[in-house]
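A look at the structure
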Amino acid sequence: MKILVVGACPYPAGLGSQVCLGATTNALLSMGYQVRVAVYGWGETGEGTGRAVALAPCPGVISGHGTPDLVAPLLRASTWGRIPKRVTSGPNRRKLLDDVALWQLLRRLRKTDPPDVVCAHNHESLVVSLMAGFSRVVYFAHNALSEELPWYATDDRLRRLAEVIGHGVDSLLPRRASLVIVPHHRLAGHLVLRGCPQDKIRILPPPAEPLLLEAPLLSRERVEPCPAVVYFGNLDAYQNTGMLLRAMTRARESRPNMRLIVVSRDPAVIPGAEMVQDRGLETLADMLARDVIVAIPRAGWSGYPIKLVNALSAGKPIVTTTSAAWELENNVHALVVDERDDRAFAEALVRLVDHEELRLRLGRQARVLALERHHPEQYAASLDALIRDTFVTTAN
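Residues numbered from 1 in each chain as written. Predicted model: local features only at pLDDT ≥ 70, side-chain atom pairs only at ≥ 80, totals over all residues. Heavy atoms only, no water.

Quick word on a nonpolar patch on the surface
Inclusion rule: Residues enter a patch when their relative accessible area is above 30% and they make no salt bridge; the linking distance is 9 Å between like charges and 5 Å between nonpolar side chains (Val, Leu, Ile, Met, Phe, Trp, Tyr). Where accessible areas are quoted, they stem from the Shrake-Rupley method and a 1.4 Å probe; at the residue level, only the protein chains shown are allowed to cover. For this document, the term salt bridge refers to a Lys or Arg side-chain nitrogen within 4 Å of an Asp or Glu carboxyl oxygen. We count a stretch as a helix when DSSP gives it H or I for four or more residues in a row; a strand needs E for two or more, and each element gets its number in order from the N terminus. Residue burial is assigned from relative accessible area. The probe radius is 1.4 Å, only protein chains are included, and a residue is buried under 20% of its type maximum, exposed over 50%, and partly exposed in between.
A surface patch of nonpolar side chains, amounting to about 350 Å² of accessible area, comprises Trp-80, Leu-96, Leu-97 and Val-100. You can see Trp-80 is positioned in the loop between strand E6 (67-76) and helix H2 (95-112). Overall, the relative accessible area of 30% leaves Trp-80 in the partly exposed class.

Laid out in structure tokens, this is it:
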């Protein structure tokens, strides 16, 4: 079966949507599908700094994890005009140009070498795929647009408008896909309430990075007396990093030596934090090999933080919020607090700093959960079954 994976986004890039796109491609390759990937004509440089560079018309490939002989051709849309200096998340004026260019590429592919199935990642990919004339489409819903889009608005009027637009998209588009894959039950319920048939929706959490899943857990000999708190990711509003900074200020009232390390692609200077440039998997693996506490203060509920999957996979103690704590049981897999309560977040951080045995126990339980629910082989097998049940069984 020939599958076209569509990403209406710059690629490569170290953002969650692009990570999910690559993981899906690897999973499909491992199950024997003929895979191609269609993306924008630009992406990040190989330096992992977030700096953008035009890459079209140069083709590329995505190699399968553990199967370097299996590759997916990377097809790039045309690049028109000046590209941004950096790859960032969220809406921008440039996207319309890139989406039209991607639509032209998909139209050409549909005429010359049509795939059997299209896997469209996120909202714009679904729109472009449907407008290009594809009907057998798997929609990977990374979040709810009605929840995500208002985070990028700069005032209340624009926020209300963004919510209205988001609700319209959530109500009209997902139902037109043949199959909708969501990362957790709350997003599934959100789409059902907005008219997407329940029998089209399947829940499949994102897979773990094999390198992190296979790394040894922290030994007791390497435990530090005051482990650093680490935040990974961009600094957009939905990440709620302001609450984390307030929590750190509270925590330092009783633990003045507590360190905060921010690993990010975004250029920023944050008072009271050590900034580390995120250069991709190498930076991630190096930081998660240490005795650290992973802080995930996220306030946006509809997505599934890849940083959470990474921390679980590496077996790290985690402090997170109810908005991000999908599948997590408080005090079993992580310490979970309300995303508005910086005092509770600070108390959880201090508790982990003070209790070595708790850090080790939560780390072990985190790894167990990752193996149970995020193993790449399990993800690939589940995705394969969903595609065959939807397209092969139905056709027969």
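Read on, since the account is not over.
Here we look at the packing of H2 against helix H3 (residues 122-131)
Here is the rule: Working convention: axes come from line fits to C-alpha atoms, limited for helices to the stretch in contact. Angles between N-to-C directions cover 0 to 180 degrees. Here the angle decides the label: under 35 degrees means roughly parallel, over 145 means roughly antiparallel, 65 to 115 means roughly perpendicular, and every other value means oblique. The hand of a helix crossing depends on one turn: near helix anticlockwise from the far one by less than a right angle means left-handed, and clockwise means right-handed. Any two residues whose heavy atoms approach within 4.5 Å at even a single point are treated as in contact.
Two elements in contact, H2 and H3, have axes whose closest approach is 9 Å; the angle formed by their N-to-C orientations is 45°. On the basis of their axis angle, the class for H2 and H3 is oblique. As H2 packs across H3, the resulting crossing turns out to be right-handed. Of the residues in H3, those in contact with Lys-95, Asp-99, Leu-102, Trp-103, Leu-106 and Arg-107 of H2 are Glu-124, Val-128, Ser-129 and Met-131.

Considering the nonpolar core
The cut-off we apply is this: We call a set of buried Ala, Val, Leu, Ile, Met, Phe, Trp, Tyr and Cys residues a nonpolar core when their side-chain atoms join them within 4.5 Å.
Counting residues in hydrophobic clusters, the biggest one holds 68 residues, and the most contacted among them are Leu-102, Leu-106 and Val-180. The contacts of Leu-102, once residues within four sequence positions are left out, are Val-6, Gly-7, Ala-8, Ala-38, Val-39, Tyr-40, Ala-77 and Val-128. Counting 28 residues, the second-largest nonpolar core is a separate cluster that includes Ile-3, Val-138, Leu-383 and Ile-387.

Let's talk about the sheet that holds strand E14 (residues 292-296)
Note the threshold: When DSSP finds at least two bridges between two strands, those strands are taken to pair.
Read across the sheet, six strands follow the order E13-E12-E11-E14-E15-E16 without closing on themselves; strand pairing throughout is parallel. If you trace the sheet from one side to the other, it starts and ends with strand E13 (274-277) and strand E16 (335-337), each paired once. The sheet shows a mean angle of 25° between the axes of neighbouring strands, taken without regard to direction. Pairing of E14 with strand E15 (residues 318-321), which is carried by three bridges, proceeds in the parallel orientation. Bridge pairing links Ala-295 to Val-319 in E15. Sitting on the sheet, helix H8 (residues 241-254) touches strand E11 (228-232), strand E12 (260-264), E14 and E15, and the angle it makes with E12 is about 160°.

Description of the state of the cysteines
The condition is simple: The disulfide criterion is simple: two cysteine sulfur atoms within 2.5 Å.
This model, assessed by the stated rule, comprises zero disulfides. Cys-196 carries a free sulfur, and the closest cysteine sulfur to it, the one in Cys-119, is 16 Å from it. With a relative accessible area of 3%, Cys-196 lands in the buried category.

Notes on the packing of aromatic side chains
This is how the line gets drawn: Between 30 and 60 degrees the pair is tilted, below 30 it is stacked and above 60 it is edge-to-face, where a pair is any two Phe, Tyr or Trp rings, Trp via its six-membered ring, whose centres lie within 6.5 Å. Sitting over a ring, as applied to charges here, requires NZ of Lys or CZ of Arg to be within 6 Å of the ring centre and within 35 degrees of the ring normal.
Scanning all chains against the criterion turns up one aromatic pair. Sitting over the face of the ring of Trp-301, Arg-186 holds its NZ or CZ atom 4.2 Å from the ring centroid.

Observations concerning the side chain of Asp-384
Mapped onto the fold, Asp-384 is located in helix H13 (residues 376-395). Of the residues examined, Asp-384 reaches a relative accessible area of 12% and is grouped as buried. If near-sequence neighbours (up to four positions away) are discounted, Asp-384 is found in contact with Met-31 and Tyr-33.

What to know about unusual backbone geometry
With omega at 0°, the peptide bond leading from Tyr-11 into Pro-12 counts as cis. Note on placement: Pro-12 falls in the loop between strand E1 (2-7) and helix H1 (16-30). With phi around 75°, Asn-122 is a residue other than glycine that occupies positive phi space. For Asn-122, a relative accessible area of 14% puts it in the buried group. In this model, Asn-331 sits at a positive phi of 70°, which is unusual for a non-glycine residue. You can call Asn-331 partly exposed: its relative accessible area is 28%.

Looking at helix H9 (residues 281-288)
Going by this rule: The directions considered for the arc are those from the helix axis to the C-beta atoms.
Those residues of H9 lying buried are Thr-283, Leu-284, Met-287 and Leu-288. Seen from one end, H9 has its buried residues packed into an arc of 115°, which puts them on one side. Each element contacted by the buried residues of H9 is listed here: helix H7 (210-213), E11, E12, E13, E14 and helix H10 (306-314).

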